[in-house]
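What the coordinates show
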Amino acid sequence: MKKALAAGLLAFGAATPALAADCSDVVWHQDVLAQYPSVANACQDVIEKDGKQYVKLKAEFVRYSEPRKAMLDVYESDGSKQRQTVALKSGATVDAGGNQVGWDALPRGYELEFYVPSDRFEVDEVTMVTPVAPVAPETRPAELPKTASWVPALGALGLVLLALGQVFTRRRRT
């Protein structure tokens, strides 16, 4: 009984530091603040992983660019969005409904929840990807509709031949 109680208290004590941290406790590195001064307003949650603090952010995907950069509209706590360019880890992919998708294949308008470390503005882990609005695939008809016919062209050719016949007839008589 005492062992179970001690194990429970030990587990609770180990989990408490990760639960105690919140957005107001994060000490942002100067490089992060230089790139994104209002990053504290975008903080959704804080977790601790391997003794390091990570901040959860939400954003809407805009586009991917080389070398390993993603342009995102980051949601702030007041509901506004800030456009930011975020560095991506080498080989980073996005878990889109159980499928690993490269950032270059991600369509615009997807909502992302991801974690950034407090000492650099780099996407560490993407936890969720959902479409903000349904992204309709571009539909194109398999074949263009047949709206024209060759009959008007044949009529025009007949008129041209009649006109030529009149010209030759007049030349012959003169």
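Below, the structure is looked at part by part. On a predicted model such as this, the values are computed, not experimentally measured, just so you know.

Right, let's talk about the state of the cysteines for a bit. In this structure the tally under the stated criterion is one disulfide. At a sulfur-sulfur separation of 1.9 Å, the disulfide partner of Cys-23 is Cys-43. Between Cys-23 and Cys-43, the S-S torsion sits near -75°, and that sign places the bridge as left-handed. With Cys-23 in the loop between helix 1 (2–20) and helix 2 (30–35) and Cys-43 in the loop between helix 3 (39–42) and strand 1 (45–49), this residue pair connects regions lying 20 residues apart in the sequence. The partly exposed category is assigned to Cys-23, whose relative accessible area is 21%.

Together, Trp-150, Val-151, Leu-154, Leu-157, Val-160, Leu-161, Leu-164, Val-167 and Phe-168 make up a nonpolar patch on the protein surface, roughly 940 Å² of accessible area in all. By the element assignment, Leu-161 lies in helix 4 (residues 151–173). Among the residues examined, Leu-161 registers a relative accessible area of 53% and is labelled exposed.

Attention now moves to the pairing of strand 3 (residues 69–75). Regular strands place side chains that alternate from one sheet face to the opposite one. Burial of strand 3 is extensive: six of the seven residues sit out of reach of the surface. Looking at chain direction, strand 2 (residues 52–65) and strand 3 are connected through six bridges and run antiparallel. Across the sheet, the residue bridging to Ser-65 is Lys-69, located in strand 3. Linkage of strand 2 to strand 3, two consecutive antiparallel strands, is achieved through a turn of three residues, within which Arg-68 is found at a positive phi near 50°. Bridge analysis of strand 3 against strand 4 (residues 81–88) gives seven bridges, and the strand direction is antiparallel.

Nonpolar side chains tend toward joint burial in soluble globular proteins. Counting 26 residues, the largest nonpolar core has Phe-61, Leu-72, Trp-103, Leu-112 and Phe-114 as the members making the most contacts within it. Within the residue set of this core, elements represented by two or more residues are helix 3, strand 2, strand 3, strand 4 and strand 7 (110–117). The contact partners of Phe-61, leaving out residues within four places of it in the chain, are Ala-70, Met-71, Leu-72, Trp-103, Leu-106, Pro-107, Arg-108, Gly-109, Tyr-110 and Leu-112.

Scoring rules and cut-offs
Residues numbered from 1 in each chain as written. Predicted model: local features only at pLDDT ≥ 70, side-chain atom pairs only at ≥ 80, totals over all residues. Heavy atoms only, no water. Disulfide = S-S within 2.5 Å. Helix = DSSP H or I, 4+ residues; strand = E, 2+ residues; numbered from the N terminus. Buried < 20%, exposed > 50% of the residue type's maximum accessible area, 1.4 Å probe, protein only. Patch = residues over 30% accessible without salt bridge, like charges linked within 9 Å, V, L, I, M, F, W, Y side chains within 5 Å. Areas by Shrake-Rupley, 256 points an atom, 1.4 Å probe, with all protein chains shown as cover. Salt bridge = Lys/Arg side-chain N within 4 Å of Asp/Glu carboxyl O. Pairing = 2+ DSSP bridges. Core = buried A, V, L, I, M, F, W, Y, C linked by side-chain atoms within 4.5 Å. Contact = heavy atoms within 4.5 Å.

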